[in-house]
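Observations on chain architecture
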Amino acid sequence: MRRKKVVPESPLPQRDGVDAVRVRLPGRGEWGTVREYLLERLASRATAVEEMFAAGRVVGADGRAVTPDAAYEPGMSVWFHRELPAEERVPFPVEVVYRDEHIVVADKPHFLATTPRGGHVTETALARLRRELGLPALGAAHRLDRLTAGLVLFTVRPAERGAYQTLFRDRLVHKEYEAVAPYAPDLELPRTVRSRILKERGVLAAREVPGEPNAVTRIESARRRGALARYRLLPRTGQTHQLRVHLCALGVPILGDPLYPVVAGPVPAGDFRRPLQLLARTLEFTDPVTGRRHAFRSGRTLRAWSAYDDWAGDGDSDGAGAGTPGGAAGGPAQ
């Protein structure tokens, strides 16, 4: 039986809801000091590394500062907080749909990343909820794309996180999405799309390639309104950008998509107009800890469907393209 790795507890407290970075030194290496190793690993941030050592901001498991001349010890862990650039605040709230002692279900707005990644660290749903709810140990059981709005499941207790992540891995969570895209009279629906999707590191857009399918989506048309349609999407797998890729391949790319069918230029910071019209509408599962059956529904609406002129116009959008719900939507099924 494979032993579960025990991650040592950080000696540094969170900062703005963000954990300190932990670096484990390799078991083998010819570095003379910890500083030499970090300078090599973080070569692009060498100046910042030197400043952290000079200020005593790199610490060991005991919370004490690691000095610049501290000897390299294979397997040793060190922690530090990254100095983060100022982030543009996403001016839309994260709505808490449900909360108990085990989980938090949140209704995430467009433009807000789920977890810290890349240039989005403090302005993420996880960091915000940790701060707002006073739950520093909160963790994400899965992720939504930054540009997608809707329901996300978070776990309160780190020891239980794996049980909830397993639900998604084993496809035991029923998920439904909504998307607004062009109406195509010749597109026969419902249908199940199967393809192989490849997402390469460093490449913004994913693509379909020959081979055994690894992405499966059932697509239904919920309603037509003029040149647009609202599609109901039921993913059976969870590949990166799967729904966006599949609808685009059918000739009906989702409104507001900056990657499909063509990668658009970068959007200026603070521009929250015309967001991707994709919403994670429902989330249903049996709680692996309590045994309770949960069924949650997002209270948001896709703005291109409810008020197209407002979404397509050049004015400011008040709700990131998915109207903010009036309160907690959905709830646990009894």
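Computed from a predicted structure; not experimentally measured.

Some points on helix α3 (residues 125-133)
The buried fraction of α3 amounts to seven of the nine residues, a majority that puts the element mostly inside the structure. Packed against the buried residues of α3 are β3 (95-99), β4 (103-108), β5 (139-140) and β6 (149-155). Looking one or two places after α3, you find G134, whose phi comes out positive at around 65 degrees.

Quick notes on the layout of surface pockets
Counted as a void, the second largest pocket has a volume near 220 Å³. In terms of lining, the second largest pocket is formed by A20, V21, R22, V23, R41, L42, R45, F80 and R82. In terms of residue count, strand β1 (residues 21-24) provides more of the lining of the second largest pocket than any other element does, three residues in total. Taken together, the residues of the lining of the second largest pocket break down into five nonpolar, no polar and four charged.

Regarding the side chain of S298
Residue placement: S298 occurs in the loop between β13 (293-297) and α6 (303-306). Within polar-contact distance, the side chain of S298 engages the side chain of D107 at 2.9 Å.

Side note on the confidence of the model for the protein
Parts of the model with low pLDDT should not have their predicted coordinates read in detail. Across the protein, the average pLDDT comes to 90, with 92% of residues at or above 70. Every residue in residues 315-320 is under pLDDT 50, and counting partners more than four places away or in other chains gives 12 contacts. Taken as a whole, residues 324-334 scores under 50 in pLDDT and shows 26 contacts with residues more than four places along the chain or in a different chain.

Here's the deal with the pattern of salt bridges
Summed over the entire model, instances satisfying the criterion amount to 19 salt bridges. Close ionic contact of E200 with R207 constitutes a salt bridge, the shortest N to O distance being 3.6 Å. For E200, a relative accessible area of 35% corresponds to the partly exposed category. Residues joined in a network through salt bridges with shared partners are E176, R218, E220 and R232.

Observations regarding empty space enclosed by the protein
Counted according to the given criterion, the structure contains one cavity of 30 Å³ or more. Here the largest cavity is characterised by a volume of approximately 30 Å³. Along the walls of the largest cavity sit H142, L144, L151, K175, E176, Y177, A280, T282 and L283, which together make up its complete lining. Mapped by element, the contributors of at least two residues to the lining of the largest cavity are β7 (174-182) and β12 (278-286). A per-class count over the lining of the largest cavity returns five nonpolar, two polar and two charged.

Topic: the environment of V97
Secondary-structure assignment places V97 in strand β3. Taking C-alpha positions, V97 is 14 Å from E132, a pair spaced 35 residues apart along the chain.

Looking at unusual backbone geometry
Generally, phi is negative for residues other than glycine and the peptide bonds are trans, each holding for most cases. Looking along the chain, the bond that leaves L189 and enters P190 is cis, with omega of 0 degrees. Along the polypeptide, P190 turns up in the loop between β7 and β8 (191-198). Here the bond from Y260 into P261 is cis, since omega is 10 degrees, no more than 30 degrees from zero. When you line up the elements, P261 lands in the loop between α5 (242-249) and β12. One non-glycine residue, F111, adopts positive backbone phi at about 75 degrees. Residue placement: F111 occurs in the loop between β4 and α3. Its relative accessible area of 10% is what places F111 among the buried residues. Phi at R274 takes a positive value of approximately 45 degrees, unusual for a residue other than glycine.

Parameters and conventions
Residues numbered from 1 in each chain as written. Predicted model: local features only at pLDDT ≥ 70, side-chain atom pairs only at ≥ 80, totals over all residues. Heavy atoms only, no water. Buried < 20%, exposed > 50% of the residue type's maximum accessible area, 1.4 Å probe, protein only. Helix = DSSP H or I, 4+ residues; strand = E, 2+ residues; numbered from the N terminus. Contact = heavy atoms within 4.5 Å. 1 Å grid on protein atoms, 1.4 Å probe; cavity = no way out; pocket = protein on both sides within 12 Å on 5 of 7 lines; lining within 4 Å. Points joined across faces, edges and corners; volume = space filled by probe spheres on them. Nonpolar A, V, L, I, M, F, W, Y, C, P; charged D, E, K, R; others polar. Polar contact = N/O pair within 3.5 Å; in protein donor to acceptor, adjacent residues only side chain to side chain. pLDDT = per-residue confidence, 0-100. Salt bridge = Lys/Arg side-chain N within 4 Å of Asp/Glu carboxyl O.

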